[in-house]
Amino acid sequence: MPRLPRPLPPPGARNLVLVILDSLRYDSWQAAPPRSLAGIGPLQRRFSYATWTAPSHLNLLMGLLPHTSPPRVYASDYYRQDFLRYRERLGVPELEYRRMLPSLFLPTLLRGLGYLTHARVSMPVLNPLTVLNTDFDSYRLMGAHNDMAAIVDELHFSSERPSFWLLNVGETHYPYAHPGSADSVELPHISGVHGVIKGLDGLRAGSDAAAEFFTPASLADLHARQIAALEYLDGVFLALLERLPAETWLIVTSDHGELFGEDGYFGHGPIMHEKVLEVPFLEGRVG
Ligand SMILES: [Zn+2]
């Protein structure tokens, strides 16, 4: 589809940065809430629309952030109200719901408002050859699946136009390791990083060795590792905040939760369980 010319942005439109901490459970955030984000907004318990990375990110890029699961509300009313939150997020009070039509895709909407659009992703299943890479000015699969600091280094903003950045962060994904620590632990290799699609690791490196299943003790350890990964990210969030211009709206959430042995499940994907839908959500204006 040919791209439309990019208009000048509305006055007052601000940057939007959407950080997705892949696989991060709500209770992992509760166990180690990043102090650097304490002033942004209150932690909310929300629910993902999907249980694994690719459909969840498509949903997020449709502008549908994790939902609050309100009772006695029609879905159409919820979607409308949820969308109109972008008026405050973007600093565009005249934004109309119909602007989301017909593409139903946030980068297309934002580009149509005059935004620059960028994505940096850590998970191979989100690689730039996927349909998610639509109406982005730049979209890159990072060289490592667990290096948010490297993503932060790539952020840049324009004084002429607001920017949208989608950041998919992998430290909180299995094997829950920050850069340099993954090689020091003996954990089964799970193909494609997320254990769903074999062969995608070929976009970087990897093998197709079969994964073993975990013991109760190792599952508890893995949950602790995810919490420790979030503790590590506190410092990276501090670097992120130092990098963000004052007129920026920051959203931090995850694409789905993770199972650590509850009812016999590990991980995420083909799992129907509250803990794979329950996610942390936090948003607010920076500066
Ligand atoms: Zn994911």
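Here, the structure is the one placed above.
What counts and what doesn't
- Residues numbered from 1 in each chain as written.
- Predicted model: local features only at pLDDT ≥ 70, side-chain atom pairs only at ≥ 80, totals over all residues.
- Heavy atoms only, no water.
- Helix = DSSP H or I, 4+ residues; strand = E, 2+ residues; numbered from the N terminus.
- Buried < 20%, exposed > 50% of the residue type's maximum accessible area, 1.4 Å probe, protein only.
- Contact = heavy atoms within 4.5 Å.
- Areas by Shrake-Rupley, 256 points an atom, 1.4 Å probe, with all protein chains shown as cover.
- 1 Å grid on protein atoms, 1.4 Å probe; cavity = no way out; pocket = protein on both sides within 12 Å on 5 of 7 lines; lining within 4 Å.
- Points joined across faces, edges and corners; volume = space filled by probe spheres on them.
- Nonpolar A, V, L, I, M, F, W, Y, C, P; charged D, E, K, R; others polar.
- Donors = N, O, S within 2.8 Å, 3.2 Å for Na, K, Ca; no water.
- Tetrahedral: all angles 85-135°; square planar, octahedral: opposite > 155°, others 65-115°.
- Expected span 1.5 Å × (residues − 1).
- Bend = angle between axes of the 7 residues up to and from the residue.
- Salt bridge = Lys/Arg side-chain N within 4 Å of Asp/Glu carboxyl O.

A. Representation of the overall build of the chain in the model. Across its full length, the chain carries seven helices and nine strands. Considering the chain as a whole, with its 287 residues, one finds that 54% of them fall into the buried category. Once local pairs closer than 6 in sequence are excluded, the contacts in the chain between residues at least 24 apart make up 71%. Counting only carbon and sulfur atoms, one obtains 57% of the accessible surface of the chain, whose full area is about 12600 Å².

B. Region of interest: empty space enclosed by the protein. Per the stated rule, a full pass over the model turns up one cavity of 30 Å³ or more. Each pocket or cavity is described by its volume, and for the largest cavity that value is around 40 Å³. For the largest cavity, the full set of lining residues is S48, Y49, S56, N59, L60, L64, L65, P66, S254 and D255. The residue inventory of the lining of the largest cavity, partitioned by class, reads five nonpolar, four polar and one charged.

C. The arrangement of the coordination of the zinc ion in detail. The protein atoms that coordinate the zinc ion are D22 (OD), T53 (OG1), D255 (OD) and H256 (NE2), at distances of 2.0 to 2.1 Å. What the four donor atoms of the zinc ion show is an angle range of 98 to 122° at the metal, which sorts the shape as tetrahedral.

D. Representation of helix α6 (residues 216-243). For α6, which comprises 28 residues, the first-to-last C-alpha distance of 41 Å matches the rise-based estimate of 40 Å (1.5 Å per residue) to within 8%. Along its length, α6 shows its largest kink, about 30°, at D234.

E. Seen up close, the pattern of salt bridges. Evaluation of the coordinates by the stated rule reveals 15 salt bridges. Notably, a salt bridge pairs D27 with R25, separated by 2.8 Å at the nearest N-O pair. Exposure class is identical for D27 and R25. Each is buried. The shortest N-O distance in the salt bridge between E88 and R85 comes to 2.5 Å. Of this pair, E88 and R85 both sit in helix α3 (residues 75-90), separated by three residues, roughly a single helical turn. Taking relative accessible area as the criterion, E88 reaches 43% and is therefore assigned partly exposed. The exposure class of R85 is partly exposed, given its relative accessible area of 29%. What you see here is one network of salt bridges that share partners, running through R45, E274, K275 and E278.

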